[in-house]
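Below, each chain spelled out in residue letters.
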Amino acid sequence: MTILRQNFRTLPACSGFAALISAFCFPHSAFSAEDSTEFFESRIRPLFVEHCQQCHGADKQKGGLRLDSREGWMRGGDSGPPVVPGKPESSLMAKAISYTDRDLKMPPKKKLSDAQIADLRQWIALGAHDPREAPASASGAKQKPLTVAEGKNFWSFKPLVAHSPPAVKNKSWPRTEIDHFILAKLEGKGMSPSPDAPQDVLRRRLSFDLTGLPPSNESSIDALLASPAFAERFTSHWLDITRFAESSGGGRTLPFKDAWRYRDYVLESFRDDVPLNRFLTEQLAGDLLPAATPAETRRHLTATGFLTLGPTNYEEQDKQMLRMDIVDEQLDTIGKSFLGMTIGCARCHDHKFDPIPTRDYYALAGIFRSTRTLKNYTDNVAHWIDKPLPLEGEQEEVLQAAEKQAALMKDEIARMKDDLRGKGGLLTTGKKAVAVSELEGIVVDDAEAMKVGAWSVSSRIKPFIGSGYATDDNKDKGAKTISFTPKIPKTGKYEVRVAFNAGPDRADKVALTVFHADGEELLHINLQTEKLQGVAIESIGTFRFEDSSQGYVLLSNAGAQGYVTVDAVQFIAQDVAELARVSTTSATADSAMKKQLSTMEKKLKEFEKDKPKRPEAMAVREDDTFEDCPIHIRGSIRNLGALAPRGFLQVALTPDAPAIPKDQSGRLQFAQWLTSEHNPLTARVYVNRVWHWLIGAGLVRTTENFGTTGETPSHPELLDYLALRFMREGWSTKKLVKLIVSSRTYQQASDLKPASSADPDNRLLSRMNRKRLDAECIRDAMLHAAGTLEDKFGGPNMLAGQADSNSAATQNLEYNFQYTDKRRSVYTPAFRNVRHPLFEVFDFADINQPIAQRTTSTVAPQALFMLNNPDVIEQARAAADRVIKDSASDAEKIQRAYQLSLARTPTEKERTTSQEFIEASTSGNATAEEKRDVWARLIQAIWSTPEFRFLK
């Protein structure tokens, strides 16, 4: 309270205002029990199992310490308890994992990652919540994961079972089938439901749950479901579980300029109530689906952006590691979001708890390794695929004509550039091969050269010299060299020309050493062309060679970025006078060509500026080759085991699971398996998510974990009933939402009852859960009250070019971004490193991973933000202007302020307190602006109350 008083010293002293802000004094509560359990199970338990329990578990207790149960670490070992809950700085465990003490380093073989250390310190700081009740015993057995056969008997992998709504004693209470399942459980425990919520409470609850906005004049369930705001609200939920962001994250983060198109795809899907099975199929394999119209093609391609939007280190130099990391991130997201399974845990070993063997992980990995997510695997900084989108009718014709014209200009510019680089001698003879005898001078073919390392001989790109050309296959950089040694007949100067197979994906800087009679020269040669492909010949200089010496040219692939190729080396005897004449003529020709090139480039730039732009979407495509993935021993890309044939999770195999053709990645078949009505997971997981979004807690509270370490459903029969009905009714989200919110279960009051002590977590739902509004709803509610909320549906949220990932100027866009928009928060740019300030304060979770449930905290900075943030003050002033304009008397203004902010009329006490504050804060000679600011402070006070931030 002292901090709060200090922050109010600039405001008029007033007992009435002090009463208004008393709501700010609420206790700190960073995590609920459910949040803490989820954090422990997802972050801490796996860490203990993987890194600690081999030395501090059931079979071995070094230093007398056990870490496989809460009792074990609380009792401690020879050095005492390793954890002091709430105090990481005083905990031996935090000290040991930091590696700051020379004699205390745990785990002893290798330091934990920074992220793992941060997780353990956070766990300790938050009180070291540990739900493992089992007592530690010296002879305790290790917990064994379920086998696939055993897993088929686990509740979440069993087929869905149809259940009829159970009979109940109080037949007058149920309104829907849902109510029968809920009431039957309550009556079985001797409990009863709560009364219906008051109409103003229910109206506000429905409006925020279905649209994310305060109630308007039309607030029937059907009207709310039909409104664009419903799509915006449920899109926010979906973007959470699909880790949507508009930047790649990391230190050198890249902006995703077209990510908004995926967000719009989701918006349109919820607006149009696209069936979930179709919705998921499009996101996993939209590029493989037939499309009857350009609009359908755009939709399908844009949907696959789901697979590209993860946090990715595009600067990773080991491209095969990057490729596998992307696959792992995709599988982790799909597992948690669609299947409720932590699939990623099986990358390095069989899943420690669930029936997912490593073979199953790599069976799935093969599907996504056969999918191209990156443009190529050679660029220094990798890049996602930007897929051009088709337009309709005349628009498409105009665009195609402009693109054809631009392509012709680019081809001509590329030809000029290649010519200026000495590649005008590209041998486009029409032949597949050029005989060595056709070349001038002494020619050493690659077939005669001395090779070190595993060079390949290729004849894929024609023409070439001799029988083919040597290539390093873009592998083993620094381990390959190739030497060309000529037989010099007469001492003298020789021009050295290197022939290689040129192309856009070749290395642009290849080390080349010339050993000649006067010494040694280290040079570099550019094998990369703008456009042309095939054998190219480039002069690297003139050197003196002796007939008796061992001069040679050595080429290395060390440090080369891209493919290194070489076809032959020519040594051409030189006459000094002739060489000077040719050089002068060549320089004159080059100068003319450079001028011509500069003119052409200017024309192209002007043309590109004025021509219509084709839209692009982040997307994926089938890879060039389709292959099963070998098992990576311990997750290492260099320690490979047996091949795992592409397939699906064995424990959830369905009778109609499709076979994967050899000439396809398997994504389409994976989507068909995922959305099969026989799949035991997909429908269960989704209806449980929707229940969580509306009720405040899922029937399975660990919404992303239906495995053995997750919670079991509180009402398993109801979960199956909803899943089966959901599929029977066409996988319709709107029908499911209407069914839930129409129930008396949803429409109960949320007040605590005397009987609540029998069910403190409200698992049996004898009352409605009280919910804190999420960050988006808080922001949107303020904009709505201020009358500044813009209602434009969809579209980009940044200026054209503002998020161009190819521009160095925008690569740190998020660090300096100014959030000035007034649209719904679903459109607010979602950067990975820096979020909107209000989102940071009000628990918008880390979007570097799928967010199943956001943490809900109540901390002092939230109150201070509502009081001091300039944007909040600006919106409060706008709301005050609206109140003053719409109302005559102070009483009417007070009523209007409460109606706009809380969707209700003020109580008599609130009227009196507010009136006292207004009168005490307004002097007789106050200007209109000063009066406006007094009303703005009243509105800020209302916005700072728990009632504004919570739903009853």
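On a predicted model such as this, the values are computed, not experimentally measured, just so you know. Counting from 1, residues in each chain are numbered in the order their sequence is written. The predicted origin of the model limits local features to residues at a pLDDT of at least 70 and limits the giving and counting of side-chain atom pairs to 80 or more, whereas totals for whole chains, interfaces and linings rest on all residues. As a rule here, side-chain values cover all heavy atoms of the structure and leave hydrogens and water aside.

**Q** Hey, could you run me through the overall build of the chain in this one?
**A** Under the DSSP-based scheme used, a helix requires at least four consecutive residues in state H or I and a strand at least two consecutive residues in state E, with every element numbered from the N terminus. Of regular secondary structure, the chain possesses 30 helices and 22 strands. Considering only C-alpha atoms, the chain reaches an extent of 110 × 80 × 60 Å along its principal axes. The buried share of the chain, reckoned over its 952 residues, is 53%. Note on contacts: a residue pair is in contact if any heavy atoms of the two residues lie within 4.5 Å. In the chain, the share of contacts with a sequence separation of at least 24, taken over all contacts with a separation of at least 6, comes to 72%. When the 124 positive and 125 negative side-chain charges of the chain are each reduced to one mean point, those points stand 2 Å apart. Relative accessibility decides the category of a residue: with a 1.4 Å probe and only protein chains considered, values under 20% of the type maximum give buried, values over 50% give exposed, and everything between is partly exposed. Positive: Lys, Arg. Negative: Asp, Glu. His and the chain ends are not part of the count. A charged residue contributes its charge at one atom only: NZ of Lys, CZ of Arg, CG of Asp or CD of Glu.

**Q** Quick question: what am I supposed to make of the packing of aromatic side chains here?
**A** The geometry of an aromatic ring pair is captured by two quantities: the separation of the ring centres and the angle between the planes. Pairing of aromatic side chains here covers Phe, Tyr and the six-membered ring of Trp, requires ring centres within 6.5 Å, and sorts the geometry by plane angle: under 30 degrees stacked, over 60 edge-to-face, intermediate tilted. Applying the stated criterion across every chain yields a total of 37 aromatic pairs. Centre to centre, the rings of Phe-234 and Trp-693 are 5.7 Å apart; their planes meet at 85 degrees, and the pair counts as edge-to-face. Residue Phe-234 is located in helix H11 (residues 228-241), and its partner Trp-693 is located in helix H20 (residues 682-695); the two are separated by 459 residues in the primary sequence. The class for Phe-234 is buried, based on a relative accessible area of 0%. Arranged with centres 6.3 Å apart and planes meeting at 75 degrees, the rings of Tyr-494 and Phe-545 form a pair that is edge-to-face. Residue Tyr-494 is located in strand E10 (residues 492-502), and its partner Phe-545 is located in strand E13 (residues 534-545); the two are separated by 51 residues in the primary sequence.

**Q** When you look at helix H22 (residues 733-741) in this model, what are you seeing that I'm missing?
**A** Residue pairs spaced three or four apart in an α-helix point in one direction, given the helix's 3.6 residues per turn. Across the 9 residues of H22, 7 count as buried, placing the element largely inside the fold. When H22 is considered as a whole, its buried residues turn out to be Thr-733, Lys-734, Leu-736, Val-737, Leu-739, Ile-740 and Val-741. In this structure Ser-732 caps H22, since a side-chain oxygen of it lies 3.2 Å from the backbone nitrogen of Lys-735. Residues adjacent in sequence count toward polar contacts only when both atoms are side-chain atoms; beyond that, a polar contact is any pair of N or O atoms within 3.5 Å, and within protein one must be able to donate a hydrogen and the other to accept it.

**Q** Where do I start with unusual backbone geometry in this structure?
**A** Excluding glycine, a negative phi dihedral is what most residues carry, and trans is how most peptide bonds are arranged. Residue Pro-107 is reached from Met-106 by a cis peptide bond, and omega for that bond is -10 degrees. You can see Pro-107 is positioned in the loop between helix H5 (92-98) and helix H6 (114-125). Cis geometry marks the peptide bond from Lys-462 to Pro-463; its omega dihedral reads 0 degrees. Residue position: Pro-463 is located in the loop between strand E6 (456-458) and strand E7 (464-465). The residue Asp-476 is not glycine, and still its phi comes out positive at about 50 degrees.

**Q** Help me understand the side chain of Asp-240, please; the structure alone is not making it clear to me.
**A** In this fold, Asp-240 is placed in helix H11. In this structure Asp-240 touches Phe-844, Gln-849, Pro-850, Ile-851 and Arg-854, once residues within four positions along its chain are discounted.

**Q** Honestly, the pairing of strand E14 (residues 552-556) in this entry has me stumped. Any pointers?
**A** In regular strands, side chains alternate between the two faces of the sheet. Pairing between two strands requires that DSSP report at least two bridges joining them. Pairing geometry for strand E9 (residues 481-484) and E14, over 4 bridges, is antiparallel. The residue bridging Thr-481 from the neighbouring strand is Ser-556, located in E14.

**Q** Can you walk me through the packing of helix H12 (residues 259-271) against helix H13 (residues 276-285) in this structure?
**A** Orientation is described by axes fitted as lines to C-alpha atoms, over the contacting stretch for helices, and by angles from 0 to 180 degrees between their N-to-C directions. Packing of H12 against H13 leaves a shortest axis separation of 11 Å and a crossing angle of 165 degrees. Looking at the two axes, H12 sits roughly antiparallel to H13. In this structure, the crossing between H12 and H13 has a hand that is right-handed. Here H12 contributes Tyr-262, Tyr-265, Val-266, Ser-269 and Phe-270 to the contact with H13, which in turn contributes Phe-279, Glu-282 and Gln-283. Throughout this entry, Asp, Glu, Lys and Arg are counted as charged residues, while Ala, Val, Leu, Ile, Met, Phe, Trp, Tyr, Cys and Pro are counted as nonpolar. The remaining residues, Gly among them, count as polar. Per-class residue counts for the contact of H12 with H13 are 5 nonpolar, 2 polar and 1 charged. By the definition adopted for this analysis, an angle is roughly parallel if under 35 degrees, roughly antiparallel if over 145, roughly perpendicular if from 65 to 115, and oblique otherwise. Working rule for handedness: look at the near helix, and if it is turned counterclockwise from the far one by less than a right angle, call the crossing left-handed; if clockwise, right-handed.

**Q** Explanation requested: the sheet that holds strand E12 (residues 519-525) in the structure shown.
**A** Strand pairs in the sheet, formed through backbone hydrogen bonds, run parallel or antiparallel to each other. Strand order in this open sheet of 5 strands is E5-E9-E14-E11-E12, and the pairing throughout is antiparallel. The open sheet has two edge strands, strand E5 (450-452) and E12, and neither has a second partner. Pairwise comparison of adjacent strand axes, ignoring direction, gives a mean angle of 20 degrees for this sheet. Bridge count between strand E11 (residues 510-516) and E12: 7 bridges; the pairing is antiparallel. From the neighbouring strand, His-516 faces E12, where its bridge partner is Gly-519.

**Q** What is the right way to look at helix H28 (residues 908-921) in this model?
**A** The end-to-end C-alpha distance of H28 is 20 Å, a good match for the 20 Å that 14 residues give at a rise of 1.5 Å each. Along H28, the residues classified as buried are Thr-913, Ser-914, Phe-917, Ile-918 and Ser-921. On an axial view of H28, the arc spanned by its buried residues comes to 135 degrees, and they lie on one face. The outward face of H28, more than 90 degrees from its buried face, is lined by the exposed residues Glu-908, Lys-909 and Glu-919. A helix is expected to reach a length of 1.5 Å times the quantity of its residues less one. This arc is built from the directions going out from the helix axis to the C-beta atoms.

Spatial relationships are all this shows, so hold off on functional conclusions.
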